[in-house]
Amino acid sequence: MAKVTIDGIEIEVPDGTSILQAARMIGPTVAPPAMCFYTNLPSSGGYCRTCMVEVTKGSEKDPRPMPKLVASCRTQVMDGMVVGNRTSEKAVDARKGVVEFLLLNHPLDCPICDQAGECHLQDLSYENGSAKTRTDFERRTFDKIDIGDKIQLHMNRCILCYRCVKVADQLTPERVHGVMNRGDHSEISTYITKAVDNEFSGNMIDVCPVGALTDKTFRFKSRVWFTKPVTAHRDCDKCCGKVVLWYKGEDVLRVTGRKDQWGEVEEFICNTCRFDKKRTSDWVVEGPTNLSRHSVISANHYEKLVVPNELTLNDIKPLNP
Amino acid sequence: MGKKLLLQNDNVPGIDTYEVYRQHGGYTSVEKAFKMTSDEVVEEVKKSGLRGRGGAGFPTGMKWSFLAKPEGVPRYLVCNADESEPGTFKDRYLMQRHPHLLIEGMIAASYALGANTAYIYIRGEYFYIVNILEKAIEEAYTAGWLGDNIQGSGYSLNMYVHPGAGAYICGEETALLESLEGKRGNPRIKPPFPAVKGLYACPTVVNNVETIAAVVPILNMGGDEYAKIGIGKSTGTKLISASGHIKKPGVYEIELGLPVEEFIYSEEYCGGILNDKKLKAVVPGGSSVPILPAELSLKTPTGEPRLMSYESLSEGGFVSGSMLGSGGFIVMDETTSIVRNLHTFNRFYHHESCGQCSPCREGTGWMEKITHKILDGHGTLADIDLLWDIQRKIEGNTICPLGDAAAWPVAAAIRHFREEFEEYVSNPSSIVDVKHYYNIHNLVEA
Ligand SMILES: Cc1cc2nc3c(=O)[nH]c(=O)nc-3n(C[C@H](O)[C@H](O)[C@H](O)COP(=O)(O)O)c2cc1C
Ligand code: SF4
Ligand code: SF4
């Protein structure tokens, strides 16, 4: 066991735990944001640099601070380590930089993006970014491409987190999808042929933190905050069959895996469950999904909306011309 | 004449052939090594104080002693011949003219590390050197210096040359290993370090061409003797690739500790500034290291003469110092535009970023766009501060040092030549260079 202090809060965790995991054990207030790390995808993480933290004391044995910020998802805790996340000016400043870099070429087309409302980049920028942009250069653009018949890749929105590449690598038996080109021309691609055609490919949609990989059967059907998530399961011979059904009225608009409080899928599901089972009768419904993220989705349905006292609808007047 | 340990036979005709090389004392270091245990060879290299010639200057003997040695797992020696740093061309010279020196060093080093397979990962553009090396390796096999049971010692070694496909990033040691394994050349996230999990997840040492070649004189003369050459912790000799506005550009072997002034102005080396113009700035260690204005390149901040050594060149930190780096010595005369030079560097790093981590992937492109804008005459004062802020947010925040290498030149150019940037943005029309650049740019576009 190792004792580690993060933002002044001490916790004891098993050896080999990463700083990020330890921080998550303490709770969301000290957990650094993570855009590329994914618990269920070994070897993910380390790329996006949003989870960087400052280690002011290396360990009990070697108390020297680490010279650079470290990626908390890829750095193991040591006994006696002291870490600064939100309390470290350096980490906060660097993270602000990373957000700016991630948005530099991002199209900011949230109003027409299916991911809006459950997009980690939106959350990240809102919490850690600045309100203004410092660039007026043209943004890098790509054409949209179809990855198989159910998934569309919108490369302009991609933040190159490599999660989908890891899914392709680890979950799906034949890898047909990777990264082409270099630097800011890098592009997620299926190389020559279009189809990622296998039973678990749909999980790429779930792991994508932004709206780069979208479910073609759901595209433009509804803003997510107008849909109601319901937890359900079925007996599936390919996967765990544990899903969330997203309803609008009586219709299931889409099926996704179940996500934990960090927005990560708990267990991956197969394409049959995801794309082919869209009737309530296909499923055993467990009940409304408990959305613990600070999510606009939950605000719409399951929380009692508290209207601020000072402001009632009647107070809102049309703008004077 | 300065001391020569690597290029002393540079003028011997046919030194690239086995016979001539052997006649001039070639392969004696291997004979010497075989009389020692492998640990003794490592010890000798440790005593020599040799530091990596690939850029970082990490003590080679120490690197070798970190190599993990689990039972039943092969170990590898990989020679980094990717040499793609702008301003650096010494490895090419060495391999082209003295291929056997590298092979001899590789054998001695592999023996010291207990590696039975060694690779030379060579920059793709050096395809013609691949032939030279392969011919020399062939000769070494024929003469019994490679293969099974070398010279009856019981030690076996196979050696392969592997060309890269044209990426600077494949010079970074873990990207190199990925590429050597046949994958996309993305740097790995460390730890684990190559000494523990390198090529095919086996313990691996990656060393620069010149580092490995230096093992030959070290074994021939003994580590202690070698350590007496040079100055302080910068022992031995170093190949310097001298380029830019000098009378005699080329590759020079210098004894570490040579004053920069002597290197630039003496007849033996660069022979002074071209057309006897004034010196403006020096990039002493390849494009990645900070640029130094004339005064700071000849004298340290404390007024001492600046020497060609790891320590002296970095004296003053990044505020008033630089680095010896890979020894790519770029000299600029008074007519040089620092802004344009910086733009060239920015273009390079933007082009070469592998794109794994956000700060480098996006930041390098952004910095290029800004210097381009300034050169086009549309820059503002705010752009200079923005450049500064971008480099600051890249440095130290990336997976591999390419991010730092892209950030440092920007920081140093602004630190030392801010007025020039300000002149460019406040009075663009008066600067001939902008027009010139504009013309070239338009020509290329058209
Ligand atoms: C972007 C980048 C490019 C590099 N290119 C080279 C190179 O071309 N040749 C080289 O020897 N080292 C290069 N290096 C340094 C290597 O990573 C490594 O430090 C070196 O090969 C170690 O050898 P040494 O200890 O003998 O210097 C590069 C490093 C980086 C970050
Ligand atoms: S498409 Fe999505 S999951 Fe894949 S790398 Fe881009 S952002 Fe990450
Ligand atoms: S710093 Fe640049 S080159 Fe190095 S891993 Fe990151 S993106 Fe790739």
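A quick note: this is a predicted structure, and the numbers were derived from the prediction, not measured.

Considering the overall build of chain A
On a plain count of helices and strands, chain A comes out with seven helices and 14 strands. In terms of overall dimensions, chain A has C-alpha extents of about 60 × 60 × 45 Å along its principal axes. Within chain A, the fraction of its 321 residues that count as buried is 54%. Considering only contacts in chain A between residues 6 or more positions apart, those separated by 24 or more positions represent 64%. Accessible surface computed for chain A: about 16,000 Å², of which carbon and sulfur atoms make up 53%. Between the mean site of the 43 positive side-chain charges and the mean site of the 43 negative ones, chain A shows a separation of 2 Å.

Re the domain arrangement of chain A
All names here are of chain A. Per the domain assignment, the segments of chain A are domain 1 (2-102), domain 2 (110-215) and domain 3 (224-304). Placing a centre on the C-alpha atoms of domain 2 and another on those of domain 3 gives a separation of 21 Å. Contact residues are listed per partner, giving 19 residues for domain 2 and 24 residues for domain 3. Roughly 1,700 Å² is buried in total at the junction of domain 2 and domain 3, and carbon and sulfur atoms are behind 49% of that figure. When residues of domain 2 are sorted by the area they lose upon contact with domain 3, Glu118, Glu199 and Asp206 head the list and together hold 32% of the total. At the junction of domain 2 and domain 3, the tally comes to three salt bridges. Here glutamate 118 ties to arginine 254 by a salt bridge, and the two come within 2.9 Å at their closest N and O atoms. Put simply, domain 2 and domain 3 have twelve residue pairs in polar contact (both at pLDDT 80 or more) between them.

Section: the site of ligand 1
All names here are of chain B. If you check the shell around ligand 1, you find 18 residues, and the closest are Gly54, Asn80, Asn207, Asn208 and Thr211. At 3.3 Å, a backbone N or O of glycine 171 approaches a nitrogen atom of ligand 1. Contacts to ligand 1 include glutamate 173, whose backbone N or O atom sits 3.1 Å from an oxygen atom. Look at ligand 1: alone it shows 610 Å² of surface, and the protein chains cover 89% of it. With three residues, the single largest contributor to the shell around ligand 1 is strand β4 (residues 204-208).

Regarding helix α17 (residues 381-394) of chain B
Look at α17(B): 21 Å from first C-alpha to last across 14 residues, which is about the 20 Å you get at 1.5 Å a residue. Of the residues making up α17(B), those classed as buried are Asp383(B), Ile384(B), Leu386(B), Leu387(B), Asp389(B), Ile390(B), Gln391(B), Lys393(B) and Ile394(B). At its buried positions, α17(B) is contacted by α2 (89-104) of chain A together with α16 (358-375) and α18 (402-426) of chain B. Positioned one or two residues after α17(B), Gly396(B) has a phi angle of 80°, which is positive.

As for the site of ligand 2
Around ligand 2, a shell composed of Cys158(A), Ile159(A), Leu160(A), Cys161(A), Tyr162(A), Cys164(A), Ile188(A), Cys208(A), Pro209(A), Val210(A), Ala212(A) and Leu213(A) is seen. When the residues that make up the shell around ligand 2 are grouped by side-chain class, the tally is twelve nonpolar, no polar and no charged.

A few points about the sheet that holds strand β12 (residues 242-248) of chain A
Residues and elements named next belong to chain A. In spatial order, the strands read β13-β12-β11-β14; together these four strands make up an open sheet with antiparallel pairing. Each edge of the sheet is formed by a strand with only one pairing partner; in this case those strands are β13 (251-257) and β14 (284-288). On average, each strand axis in the sheet is tilted by 35° relative to the strand beside it, whichever way the strands run. For strand β11 (residues 228-233) and β12, the ladder comprises six bridges, and the chain directions are antiparallel.

Regarding a negative patch on the surface
Residue and element names in this part refer to chain A. The grouping of Glu10, Glu12, Asp15 and Asp79 at the surface amounts to a negative patch. In this fold, glutamate 12 is placed in strand β2 (residues 9-13). Owing to a relative accessible area of 45%, glutamate 12 belongs among the partly exposed residues under this scheme.

Concerning the state of the cysteines
Scanning all chains against the criterion turns up zero disulfides over all chains. No disulfide involves Cys239(A); its nearest neighbouring cysteine sulfur is the one of Cys270(A), lying 3.6 Å away.

Brief notes about the interface of chain B and chain A
Facing 34 residues of chain B, the contacting portion of chain A comprises 35 residues. For the pair chain B and chain A, the summed buried surface comes to about 2,800 Å²; carbon and sulfur atoms form 52% of the total. At the boundary of chain B and chain A, one finds five salt bridges. The residue Asp389(B) makes a salt bridge to Arg134(A) at a minimum N-O spacing of 2.7 Å. At the junction of chain B with chain A, the criterion picks out 17 residue pairs in polar contact (both at pLDDT 80 or more). Among the elements of the structure, α15 (338-352), α16 and α17 of chain B are those that each provide at least two residues to the side of chain B that touches chain A. Across the side of chain B that touches chain A, the residue classes break down as eleven nonpolar, 13 polar and ten charged.

Concerning the packing of aromatic side chains
The full count for this structure, using the stated rule, is 23 aromatic pairs over all chains. Seen from their ring centres, Tyr76(B) and Tyr200(B) are 6.1 Å apart, and the 65° between their planes marks the pair as edge-to-face. Residue Tyr76(B) is located in strand β1 (residues 76-81), and its partner Tyr200(B) is located in the loop between α8 (173-180) and β4; the two are separated by 124 residues in the primary sequence. Since its relative accessible area comes to 43%, Tyr200(B) is described here as partly exposed. Measuring from centroid to centroid gives 5.3 Å for Tyr111(B) and Tyr155(B), while their planes differ by 85°, and the two rings are edge-to-face. With Tyr111(B) in helix α6 (residues 99-113) and Tyr155(B) in the loop between α7 (127-142) and β3 (158-163), the pair connects residues that are 44 residues apart, well separated along the chain. Its relative accessible area of 9% is what places Tyr155(B) among the buried residues. Cluster of aromatic residues (ring-pair linked, three or more members): Tyr18(B), Tyr21(B), Tyr27(B) and Trp145(B). Sitting over the ring of Trp246(A), Arg254(A) keeps its end group 4.4 Å from the ring centre. Across the ring face of Tyr310(B), the terminal group of Arg51(B) is positioned such that the distance to the ring centre comes to 4.2 Å.

A few points about the environment of Pro107(A)
Residue and element names in this part refer to chain A. Mapped onto the elements, proline 107 comes out in the loop between α2 and α3 (120-128). Each C-alpha atom of the pair proline 107 and arginine 157 lies 6.3 Å from the other, and the pair is 50 residues apart in sequence. Sequence-distant contacts of proline 107, defined by excluding residues within four places in its chain, comprise Asn156 and Arg157.

Observations concerning unusual backbone geometry
Lys190(B) connects to Pro191(B) through a cis peptide bond whose omega is -5°. Looking at the element boundaries, Pro191(B) is found in the loop between α8 and β4. For Arg49(A), which is not glycine, the phi dihedral falls at a positive 70°. The exposure class assigned to Arg49(A) is buried, which follows from its relative accessible area of 8%. Residue Tyr27(B) is not a glycine yet carries a positive backbone phi of 70°.

Scoring rules and cut-offs
- Residues numbered from 1 in each chain as written.
- Chains lettered and ligands numbered in written order.
- Predicted model: local features only at pLDDT ≥ 70, side-chain atom pairs only at ≥ 80, totals over all residues.
- Heavy atoms only, no water.
- Helix = DSSP H or I, 4+ residues; strand = E, 2+ residues; numbered from the N terminus.
- Buried < 20%, exposed > 50% of the residue type's maximum accessible area, 1.4 Å probe, protein only.
- Contact = heavy atoms within 4.5 Å.
- Areas by Shrake-Rupley, 256 points an atom, 1.4 Å probe, with all protein chains shown as cover.
- Lys, Arg positive; Asp, Glu negative; His and termini not counted.
- Charge placed at Lys NZ, Arg CZ, Asp CG, Glu CD.
- Domains from an automatic or database assignment.
- Buried area = accessible area lost by both parts, 1.4 Å probe.
- Salt bridge = Lys/Arg side-chain N within 4 Å of Asp/Glu carboxyl O.
- Polar contact = N/O pair within 3.5 Å; in protein donor to acceptor, adjacent residues only side chain to side chain.
- Near = heavy atom within 4 Å.
- Expected span 1.5 Å × (residues − 1).
- Nonpolar A, V, L, I, M, F, W, Y, C, P; charged D, E, K, R; others polar.
- Pairing = 2+ DSSP bridges.
- Axes fitted to C-alpha atoms, helices over the stretch in contact; angles between N-to-C directions.
- Patch = residues over 30% accessible without salt bridge, like charges linked within 9 Å, V, L, I, M, F, W, Y side chains within 5 Å.
- Disulfide = S-S within 2.5 Å.
- Phe/Tyr/Trp six-rings, centres within 6.5 Å; stacked < 30°, edge-to-face > 60°.
- Lys NZ or Arg CZ within 6 Å of the ring centre and 35° of its normal.

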